[in-house]
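# Breakdown of the fold
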Amino acid sequence: MLIRSLIVVFVLAVAGIMLWSEWLGAQAARRYPPRGSFVDVAGGRLHYRESRPAGEGRGTVVLVHGASSDHADLLATLGPELRHYRVIALDRPGFGWSDRLEGDAMADPARQAHALMQGLDAIAPGRFVLVAHSLAGAAATRIALDRPERLRGLVLLGAVTHPWPGGIAWYHHATSWPVIGPVFTRLVGVPAASRLLQAGAQSVFAPRPVTPGYLETGEIALLLRPATFRANSQDIAAAFDFVNAQVPRYRELRMPVVAITGDSDDIVSPIIHSAAIARQAPQGRFVLLPGVGHMPHHAAPEIVIEAIDQMVGPRSGLALN
């Protein structure tokens, strides 16, 4: 009788935790509804927000966010500084309010690159400067390699571009597994993440303080939706093998590439990634920011803007697409 009672209590506890995870995700979705537009691509829709200059524009800048994030982080930080440009901030597939499109297969950065370009071909057919943070470096470099005619330049912010020692944390594998993954996500992943959002922010900003209001303006709680949380781990798990295979192609990059990173970045190594791709890219440049961690766009947005301005070139009498 006692054993049966314990089993019932255990089952109810597990069910309660999993329902709580769903509730946390639903709360985040209600708090941060989609505020942008949608573009149809194969398999679903991508969500994006954009801003346009009041007068003559200098061109188009596309912002692509990294892991555990969405479009709002880069847009909130760089958008106001890019007021002379048309700015498009995309949610990668499965994040923010973009559909996951091909389900688990969309963890492949090459598929993400293709989906993002499908959307951009529809809404921004002209050339643009591509800005990518952190994990988005894998998909952004694939866009630069496969669609060079569309880019004026590539700005990488603490971006993942190369394989790294140690691989990825075990829990990303567990979250990614079929069958077990969805259960692990709701039973362990989301509950743990809900308690660690502030600590996670402190780790990516270290050694600098977290930008005031970052969790709110970046809509970071959207990560607590179970499907988004699992997509995040899948993307991280897929990135290692992907960049390992892609590294030999970086010498084919045909546009200016500026890799901006902090010397105190403990999340994505400045030497393994940013310095390496700056050496390999024929027009590569490496910018190392002292005393800065994994969020260079928060620490020194003016450096990011300067890199974009240089890629676009001097002002002319004609607006650029």
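All values derive from a computational prediction rather than experimental measurement. (Residues numbered from 1 in each chain as written. Predicted model: local features only at pLDDT ≥ 70, side-chain atom pairs only at ≥ 80, totals over all residues. Heavy atoms only, no water.)

Each helix and strand in the protein was counted, giving eleven helices and eight strands. Here the protein has a C-alpha radius of gyration of 20 Å; the compact-globule value for 321 residues is 20 Å, and the two agree. Taking the principal axes of the C-alpha coordinates as reference, the protein spans close to 85 × 40 × 40 Å. The burial tally for the protein puts 55% of its 321 residues in the buried class. Taking the contacts inside the protein whose residues are at least 6 apart along the sequence as the reference set, 80% of them involve residues at least 24 apart. Each charge class in the protein was averaged separately, 29 positive and 26 negative side chains, and the resulting centres sit 2 Å apart. (Helix = DSSP H or I, 4+ residues; strand = E, 2+ residues; numbered from the N terminus. Rg over C-alpha atoms; globule rule 2.2 N^0.38 Å. Buried < 20%, exposed > 50% of the residue type's maximum accessible area, 1.4 Å probe, protein only. Contact = heavy atoms within 4.5 Å. Lys, Arg positive; Asp, Glu negative; His and termini not counted. Charge placed at Lys NZ, Arg CZ, Asp CG, Glu CD.)

A word on the nonpolar core. Grouped together as the largest cluster of nonpolar side chains are 49 residues, with contacts concentrated most on Val-62, Ile-88, Leu-120, Leu-130 and Leu-253. Setting aside residues no more than four positions away along its own chain, Leu-253 makes contact with Thr-141, Ala-144, Leu-145, Ile-277, Ala-281 and Pro-282. Val-155, Val-258, Val-292 and Val-304 belong to the second-largest nonpolar core, a separate cluster that totals 26 residues. (Core = buried A, V, L, I, M, F, W, Y, C linked by side-chain atoms within 4.5 Å.)

All right, on to the environment of Pro-53 then. Mapped onto the secondary structure, Pro-53 falls in the loop between strand E2 (44-51) and strand E3 (60-64). On the basis of relative accessible area, Pro-53 is assigned to the buried category, the value being 18%. Spatially, the C-alpha atom of Pro-53 lies 17 Å from that of Leu-74, the residues being 21 residues apart in sequence. Look past the residues within four positions of Pro-53 in its chain and what remains in contact with it is Arg-83, His-84, Tyr-85 and Arg-86.

Attention now moves to the side chain of Arg-142. Structurally, the position occupied by Arg-142 is in helix H4 (residues 136-146). Residue class for Arg-142 comes out buried when judged on its relative accessible area of 17%. Each residue touching Arg-142, except ones within four places of it in the same chain, is listed here: Ala-110, Ala-113, Arg-147, Phe-242, Gln-246 and Arg-249.

So, about unusual backbone geometry. At the junction of Ala-206 and Pro-207, the peptide bond is cis and its omega measures out at 10° in the coordinates. Backbone geometry places Ser-68, a non-glycine residue, at a positive phi of 55°. Position of Ser-68 relative to the elements: it lies in the loop between E3 and helix H2 (71-78). We note that Ser-134 has phi near 55°; this positive angle belongs to a residue other than glycine.

Scanning the entire structure with this criterion turns up four aromatic pairs. Both rings, one in Trp-164 and one in Phe-240, keep their centres 5.0 Å apart while their planes meet at 85°; by these two values the pair is edge-to-face. In this pair, Trp-164 sits in the loop between strand E6 (151-157) and helix H5 (170-176) while Phe-240 sits in helix H8 (residues 226-246), placing the two residues 76 residues apart along the sequence. A relative accessible area of 24% places Phe-240 in the partly exposed class. Both rings, one in Phe-205 and one in Tyr-214, keep their centres 5.0 Å apart while their planes meet at 75°; by these two values the pair is edge-to-face. Comparing Phe-205 with Tyr-214 shows no difference in burial state: the two are buried. Chaining the aromatic ring pairs together yields one cluster made of Trp-170, Tyr-171 and Phe-184. Sitting above the plane of the Phe-95 ring, Arg-92 keeps its charged end 4.5 Å from the centroid. (Phe/Tyr/Trp six-rings, centres within 6.5 Å; stacked < 30°, edge-to-face > 60°. Lys NZ or Arg CZ within 6 Å of the ring centre and 35° of its normal.)

Scanning the entire structure with this criterion turns up 16 salt bridges. Between Asp-235 and Arg-92 there is a salt bridge; the shortest N-O distance is 2.8 Å. Taken together, the positions of Asp-235 in helix H8 and Arg-92 in the loop between strand E4 (86-90) and helix H3 (109-123) put the pair 143 residues apart, joining distant regions of the chain. Each member of the pair, Asp-235 as well as Arg-92, is classed as buried. Asp-235 is paired through a salt bridge with Arg-100; the nearest N and O atoms lie 2.8 Å apart. Placement of the pair is Asp-235 in helix H8 and Arg-100 in the loop between E4 and H3, with a sequence separation of 135 residues. Judged by its relative accessible area of 2%, Asp-235 is buried. What you see here is one network of salt bridges that share partners, running through Asp-121, Arg-147, Glu-149 and Arg-150. (Salt bridge = Lys/Arg side-chain N within 4 Å of Asp/Glu carboxyl O.)

Here five bridges tie strand E1 (residues 37-41) to E2, and the two strands are oriented antiparallel to one another. Across the sheet, the residue bridging to Val-39 is Leu-46, located in E2. Linking E1 back to E2 in an antiparallel pair, the connection comprises two residues, with Gly-43 at a positive phi of about 95°. Sheet topology places E2 next to E4; four bridges connect them, and they run antiparallel. When the sheet's bridge partners are listed, Arg-49 is paired in E4 with Ala-89. (Pairing = 2+ DSSP bridges.)

On to helix H6 (residues 180-205). Taking 1.5 Å as the rise per residue, H6 with 26 residues should run 38 Å; its terminal C-alpha atoms sit only 32 Å apart, a clear shortfall. Maximal helix bending in H6 amounts to about 60°, located at Leu-196. Taken together, the buried positions of H6 are occupied by Gly-181, Phe-184, Thr-185, Gly-189, Val-190, Pro-191, Ala-193, Leu-197, Ala-201, Val-204 and Phe-205. (Expected span 1.5 Å × (residues − 1). Bend = angle between axes of the 7 residues up to and from the residue.)

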